[in-house]
Amino acid sequence: MELYDLVMRRRSVRNFRPDEVPGDIVEKLVNAAASAPTGCNIQPLSVVTVQEAAGRAKLGEMIKRQPWVKNAPLSMIFCLDFWRLKRWAELSGVEFRGHDAFSHFLLAYADVMCAAQTVVLLAESLGLGSVYVGRLPYVADDAREYFGMPTYVLPLMLLCLGYPKTVPRRVPKLPPAVIGHREQYRPLSDDDLRTAFDEKYGAFDGDARRYFGRVLGEALEAEEQGEGEWLEGSRARMAEKAVASNAEFVFKVRYRADLMVETNAAAIDIFKNAGFDCFR
Ligand SMILES: Cc1cc2nc3c(=O)[nH]c(=O)nc-3n(C[C@H](O)[C@H](O)[C@H](O)COP(=O)(O)O)c2cc1C
């Protein structure tokens, strides 16, 4: 299959068969992460693979309402790892201060995600499905303790993998004409912007189940795996906030403006606990 077709075929998969992912496949995935592009070829990355029941259960406990976390036969924890570099510098009698510099955090985070997405595509080509779980940094205190990560190791992205039981249909996305800009950035007119989002999200009819079914499979897939709280919680919040449009749904229910800054403060504290004090 052409790589382009593979990239276009990929979906976030949340419903996995229980079959174990064989050791040689896991090895290839880790090798892909270790071979990914990396700023300055410095590799500030570690990947913890989790296949045993205890580790999977612990991840599921930490990340609530997402049953695929405990159901996935393989999870990969992508960590920004300055511990190894700092220790090497110490052993060599030179200074390392990446953890004190936001600019280096940013570069290293880019490294982490280059590696993660390389794994996603390799996994897809090997018949595996995967889904990112972005909540991991907010439970990093717990994750670092359980998985034995020292200071300067920060788990930033969880990738759950396995052989798909079902593959969701494509969720609507903004078209390439909106995302891509030729040579110069071209801001959309208000009318074009409204049209782009209307076409992406479709008519809003106030039905959370239909909305999730069309735009964002997570809540319905969670319900199918015995976790109805997500859908119920969204419904309750829609009623409470009298949500009447797609934008209101996104910014009052799903991607809440009122929580953005609050979450930010919590993340800064958690990152500081891991030795990263470069956000003030
Ligand atoms: C940074 C990031 C965080 C994500 N976090 C979650 C998550 O916590 N739970 C989940 O089910 N999907 C998560 N996803 C997957 C998105 O929901 C998914 O990519 C999006 O709905 C588009 O669907 P597609 O991947 O099938 O194209 C995440 C994706 C990214 C890139």
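Residues numbered from 1 in each chain as written. Predicted model: local features only at pLDDT ≥ 70, side-chain atom pairs only at ≥ 80, totals over all residues.

Draft legend 1. Up close: the domain arrangement of the protein. When the domains of the protein are assigned, the result is domain 1 (3-168) and domain 2 (176-260). A straight line from the C-alpha centre of domain 1 to that of domain 2 covers 27 Å. The partner domain 2 presents nine residues to the eight residues of domain 1 that form the contact. Residues belonging to the side of domain 1 that touches domain 2 are distributed by class as follows: three nonpolar, three polar and two charged. (Domains from an automatic or database assignment. Contact = placed C-beta atoms within 7 Å. Nonpolar A, V, L, I, M, F, W, Y, C, P; charged D, E, K, R; others polar.)

Draft legend 2. Region of interest: the nonpolar core. Residues Phe78 and Leu159 are the most contacted members of the largest nonpolar core, which totals 48 residues. Mapped onto this core, the elements with two or more residues apiece are helix H2 (23-34), strand S2 (45-50), helix H4 (68-71), strand S3 (74-81), helix H6 (102-125), strand S4 (129-133), helix H7 (140-146) and strand S5 (153-162). Not counting chain neighbours up to four residues away, the residues in contact with phenylalanine 78 comprise Val47, Val112, Ala115, Ala116, Leu156, Met157 and Leu159. The next biggest cluster of nonpolar side chains, apart from the first, holds 10 residues, and it includes Ala208, Ala219, Leu220 and Ala222. (Core = buried A, V, L, I, M, F, W, Y, C linked by C-beta atoms within 7 Å. Buried ≥ 20, exposed ≤ 12 C-beta atoms within 10 Å, placed from the backbone. Helix = DSSP H or I, 4+ residues; strand = E, 2+ residues; numbered from the N terminus.)

Draft legend 3. Inspection of helix H14 (residues 257-273) at higher detail. Between its terminal C-alpha atoms H14 stretches 26 Å, which fits the 24 Å expected from 17 residues at 1.5 Å a residue. A small share of H14 lies buried, amounting to one of its 17 residues. (Expected span 1.5 Å × (residues − 1).)

Draft legend 4. Representation of the sheet that holds S4. With respect to topology, four strands assemble into an open sheet ordered S2-S3-S5-S4, the strand pairing being antiparallel. Unpaired on one side and paired on the other, S2 and S4 mark the two borders of the sheet. Going across the sheet, the axis of each strand differs from the next one's by a mean of 25 degrees, ignoring polarity. Inspection of the sheet shows S3 paired to S5 by eight bridges, in the antiparallel sense. Within S5, the residue paired with cysteine 79 across the bridge is proline 155. Along the sheet, H6 contacts S2, S3, S4 and S5; its crossing angle with S5, the most-contacted strand, is approximately 10 degrees. (Pairing = 2+ DSSP bridges. Axes fitted to C-alpha atoms, helices over the stretch in contact; angles between N-to-C directions.)

Draft legend 5. How the structure looks around the site of the ligand. Residues in contact with the ligand, as listed here, are Arg11, Ser12, Arg14, Gln66, Val131, Tyr132, Val133, Gly134, Arg135, Val171, Leu216 and Glu218. Top contributing element to the shell around the ligand by residue count: S4, with three residues. Partitioned by chemical class, the residues of the shell around the ligand number five nonpolar, three polar and four charged. (Near = placed C-beta within 6 Å.)

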